[in-house]
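Take a look at the letters that make up each chain.
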Amino acid sequence: MMTKHACWLGSALLCCLTGSDASAAQTPTERPAVVETRTTTQPAQPVARRAKTVLGSKVHIQGDVAIGTVDDIVFNDDGHIEYLVVLNEGKLVAMPWEAAKFNFDNRVAVVNITQARYKEIPTFTVQTYPNFYEPTYRTQIYKYYGVTPRAVERRIERRERDK
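Residue positions within a chain follow its written sequence, with the count starting from 1. For a predicted model such as this one, the threshold for reporting local features is a pLDDT of at least 70, and the threshold for listing and counting side-chain atom pairs is 80 or more; totals across whole chains, interfaces and linings nevertheless cover every residue. Side-chain metrics in this entry use all non-hydrogen atoms of the structure; hydrogen atoms and water are not considered.

A. The environment of Arg117, seen in detail. The residue Arg117 is located in helix α3 (residues 115–120) in this model. Any two residues having at least one pair of non-hydrogen atoms within 4.5 Å are treated as being in contact. Every residue in contact with Arg117, bar those within four places of it in the chain, is listed here: Lys143 and Tyr144. Any N or O atom pair separated by 3.5 Å or less is treated as a polar contact, with the protein-specific requirement of one donor-capable and one acceptor-capable atom, and with residues adjacent in sequence counted only for side-chain atom pairs. A distance of 2.9 Å separates polar atoms of two side chains, one belonging to Arg117 and the other to Glu120. Numbering of helices and strands starts at the N terminus; helices are DSSP runs of H or I of at least 4 residues and strands are runs of E of at least 2.

Set out below in structure tokens:
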């Protein structure tokens, strides 16, 4: 517990440091509150997103035109989302993940593509799924959406030879 003398010394020292008059020092109970401000530049904590929040989401294109819902998600071998499969009137359309801007709270994906351009994209059915990684198909689908596919990494697996 601080004595009156120690409190007065602390107040006088505070006045010396701040340049105010020691005779005008306030008693410890009258001291103004110290406000400490800190700015942090820490990134926001990532939010875990579940496939359930993407599946069934509505998909819109330019002009706020609804074109269908997310029916499936295609992952690459490394576990990254590569495509959304959009169901529209019984037909499926591949959509690169990079082309969609998601609003997870509203369960809506918005794609910056015109309605005329969207109609040019080849469709498929559950029985006729395309080979998503065939180079010509992949390049063409990404081109419709105006995005560039990331490189497909080829893994070389080392196998222990028979001894």
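B. Spotlight on the pattern of salt bridges. Take a side-chain nitrogen of Lys or Arg and a carboxyl oxygen of Asp or Glu: if they are within 4 Å of each other, that pair is a salt bridge. What the rule picks out here adds up to two salt bridges. Linking Glu82 and Arg138 is a salt bridge whose minimum nitrogen-to-oxygen distance equals 2.8 Å. Of this pair, Glu82 sits in strand β3 (residues 81–88) while Arg138 sits in helix α4 (residues 135–145), and the two are 56 residues apart along the sequence. On the basis of relative accessible area, Arg138 is assigned to the buried category, the value being 6%. Between Glu120 and Arg117 there is a salt bridge whose closest N-O contact spans 2.9 Å. Separated by three residues within a single helix, Glu120 and Arg117 lie in helix α3, roughly one turn from each other. Exposure is judged per residue with a 1.4 Å probe applied to protein chains only, and the accessible area is read against the type maximum: over 50% gives exposed, under 20% gives buried, and values in between give partly exposed. A relative accessible area of 45% places Glu120 in the partly exposed class. On the basis of relative accessibility, which here comes to 27%, the residue Arg117 falls in the partly exposed class.

From the geometry alone we can't say anything about function, so treat these as descriptive.
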